[in-house]
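Overview (structure and organization)
Read off the chains here:
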Amino acid sequence: MTRSQFRPRLALAILLVVYVGLAVAYSLVNPLYEAPDELRHVRYVRHISAYRSLPVQRAGAPRAQSHHPPLYYALGALVSGWVDVEDDVYYQPVENPFWAYRYWEVGNDNKNQYLHGPTRRLGPLYIPRMTGITLVVYLVRWITVLVGAGVVWLTYRIGVHVFPERPGLAVGGAALVAFNPQFLYLSGAVNNDVPAALWGAAVLLVSLDVLSQGPRLATNILLGVLFGLAMLTKIHLVVLFVPIVLAHGMALWRDRDWRDFLRTNIIVIGLALLVSGWWFARNQMLYGDPLGASVHSQLWNSRSPSDGWWALRQELPYLWSTLWGRFGYGQVALPSLVYHGLLVFCGVSLAGYLVPRDRSLRSRPAGLLVSTVAVFVAWVLFYTLVQPAGARGRFLFPALPAFGMLTVGGLQRFSPFRNGWLTTAITGVGMAALALYALGCVLAPAFSPPRPLSEPQIQAVPNPVGADFRSSHGSPDGAVVKMLGHQVAPVDITPGDAVEVTVYWKVM
């Protein structure tokens, strides 16, 4: 192995190790069920484990993500089904009654949607007791971390395809994915968006191979199986049909061999339906349509696309912020300066393709990358029109590897060095710093329990009160919590000023 081959592989290995460490840290900082829809994803996994069947969408039934295909949840059930769980499959955790109070504001006040059990402190982390349902959730979370590592590796392989003479850029594009705070956050949570990114990256990689080597039987078989597995993970991955067809079209364009074009796509689509067709047949039998969209629209209050144009204009900033880092159900945001900075960085990088110099990205691979990004953006915009849940950046994860490569390829055009390592260093260090900041300064303070006061700190509490508060449901003489003291700042105020009140409690 030459030095030029060893360096990017070593950099990739370091990148993967750092990614896994950060993703596990994100998973430990993030309490159970605080990630989007995690409770309903876990119910799906538990349903398969407990009943050996798939959940069905029904009005009035406890919510699970029953409209999603089952591949990811079957994997979760496989790795966690051995755990003894006392809780019912559809149990409802205790909700924080104050969660919705000004939940959209940046801060750490009532960001937890649920009340969580006891934890033990391990350095800066608070670790829950790994038993029962908690162990189930963390086993599935950590499988998702490994799936995310697969996404990072596939992104690197995509970069090797599109930048064969600049392998450093492949590492830079992979770093843009690996250190995206939202990708790390969801890699450490139970969700099917990270597995969707895996299949999106895999299909794109094989499509690039079709583009460079031409369609071959083995490649078409692999592409058909991957496409089928993608549709068994998340139904909107059906749009991967666009880059698949485009890759075959560009590969066969020179010879105008449309018969071969038709034959290869029939093989791919036929195998994909052979793998996933049973899911569509099940939906047809249960709901009367192959996608199950009619029942889903009723349960999730979908609207006509013509009624959602206002939402499309309103939701674009939210779409951008949730692509990079907006935690919980969107109530824990990064500072707006971060989103603006990322917008400038990506805009400047993509503007690099206007610089007249040696091309860092050939036209045909660029067309495939752009089409992949475009088709997922179009799908998310359509979803925003019809679904009140609105735009979510995580729905763009299957196109994130393509976007990462386009970004570093454009940024490279400003670099005076041809090998791409300066571009990779800027991207990797910058994104890693953002990931650490989001973890330690945004996510952890928002969700971690406050540190108990030491005895000297208790003695120094201002304005001591010492009042006991009792529960109406407990014993008549048993105090539940003691108010130790309080502090109000500032003391001198005028009408319209903000006042911060700190109350010190001791749980009895």
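The preceding data block contains the structure.
Residues numbered from 1 in each chain as written. Predicted model: local features only at pLDDT ≥ 70, side-chain atom pairs only at ≥ 80, totals over all residues. Heavy atoms only, no water.

Quick look at the sheet that holds strand E5 (residues 464-470) now. What the three strands build is an open sheet, ordered E5-E6-E7; its pairing is antiparallel. With one partner strand each, in any of the chains shown, E5 and strand E7 (500-507) form the two edges of the open sheet. Neighbouring strand axes in the sheet, compared pairwise and without regard to direction, differ in orientation by 30 degrees on average. With eight bridges joining them, strand E6 (residues 479-489) and E7 adopt antiparallel strand pairing. Paired with Gln487 across the strands is Thr502, a residue of E7. (Pairing = 2+ DSSP bridges. Helix = DSSP H or I, 4+ residues; strand = E, 2+ residues; numbered from the N terminus. Axes fitted to C-alpha atoms, helices over the stretch in contact; angles between N-to-C directions.)

It is worth spelling out helix H5 (residues 167-178) at this point. Taking 1.5 Å of rise per residue, the twelve residues of H5 would be expected to cover 16 Å, and the 17 Å separating its terminal C-alpha atoms lies within 8% of that figure. Within H5, eleven of the twelve residues are buried, leaving the element largely enclosed by the surrounding structure. Among the residues of H5, those classed as buried are Gly168, Leu169, Ala170, Val171, Gly172, Gly173, Ala174, Ala175, Leu176, Val177 and Ala178. (Expected span 1.5 Å × (residues − 1). Buried < 20%, exposed > 50% of the residue type's maximum accessible area, 1.4 Å probe, protein only.)

With that settled, consider the environment of Pro464. By secondary structure assignment, the location of Pro464 is in strand E5. Distance from Pro464 to Leu484, taken between C-alpha atoms, is 5.6 Å for residues 20 residues apart in sequence. Those residues in contact with Pro464 that sit more than four places away from it in its chain are Leu484 and Gly485. (Contact = heavy atoms within 4.5 Å.)

Attention now goes to the pattern of salt bridges. In a structure, side chains of opposite charge can pair up when their charged atoms sit close to one another. Considering all chains together, one arrives at eight salt bridges under this definition. Arg394 is the salt-bridge partner of Asp193, the closest N and O atoms lying 2.9 Å from each other. Linking Asp193 in helix H7 (residues 193-213) with Arg394 in the loop between helix H14 (363-386) and helix H15 (400-412), this pair joins segments that are 201 residues apart in sequence. Per residue, the accessibility class of Asp193 equals that of Arg394, and both read buried. (Salt bridge = Lys/Arg side-chain N within 4 Å of Asp/Glu carboxyl O.)

A surface patch of like charges, here negative, comprises Asp84, Glu86, Asp87 and Asp88. Mapping Asp87 onto the fold places it in the loop between helix H3 (71-80) and strand E1 (119-122). (Patch = residues over 30% accessible without salt bridge, like charges linked within 9 Å, V, L, I, M, F, W, Y side chains within 5 Å. Areas by Shrake-Rupley, 256 points an atom, 1.4 Å probe, with all protein chains shown as cover. Lys, Arg positive; Asp, Glu negative; His and termini not counted. Charge placed at Lys NZ, Arg CZ, Asp CG, Glu CD.)

The next thing to look at is the packing of aromatic side chains. Throughout the structure, instances matching the rule amount to 16 aromatic pairs. When the ring of Tyr72 is compared with that of Tyr73, the centres are 5.5 Å apart and the planes differ by 70 degrees; the resulting orientation is edge-to-face. Just as Tyr72 is buried, Tyr73 falls in that class too. Relative to Phe327, the ring of Tyr185 lies with its centre 4.8 Å away and its plane at 50 degrees, an arrangement referred to as tilted. One end of the pair, Tyr185, is in helix H6 (residues 181-187); the other, Phe327, is in strand E3 (residues 326-327), and 142 residues separate them in sequence. Exposure class is identical for Tyr185 and Phe327. Each is buried. Above the plane of the ring of Tyr138 lies Arg141, whose end atom (NZ or CZ) is 4.9 Å from the centre. (Phe/Tyr/Trp six-rings, centres within 6.5 Å; stacked < 30°, edge-to-face > 60°. Lys NZ or Arg CZ within 6 Å of the ring centre and 35° of its normal.)

Another point: the side chain of Arg46. With respect to the element layout, Arg46 can be found in helix H2 (residues 38-51). It turns out Arg46 is buried and unbridged, and the closest side chain with the opposite charge, Asp88, is 7.0 Å from it. Beyond its immediate sequence surroundings of up to four residues, Arg46 is in contact with Val85, Asp87, Val89, Ile133 and Val136.

Taken together, Phe469, Val488, Ile493, Val499, Val501, Val503 and Trp505 make up a surface patch of nonpolar side chains, about 600 Å² in accessible area. Since its relative accessible area comes to 32%, Val503 is described here as partly exposed.

Counting 128 residues, the largest nonpolar core has Tyr19, Tyr26, Phe179, Phe183, Phe327 and Leu369 as its most contacted members. In terms of residue count, helix H4 (residues 132-162) provides more of this core than any other element does, 15 residues in total. Look past the residues within four positions of Phe179 in its chain and what remains in contact with it is Leu15, Val18, Tyr19, Leu22, Leu184, Gly428, Met431, Ala432 and Ala435. (Core = buried A, V, L, I, M, F, W, Y, C linked by side-chain atoms within 4.5 Å.)

No statement about biological role is implied by the geometric values presented.
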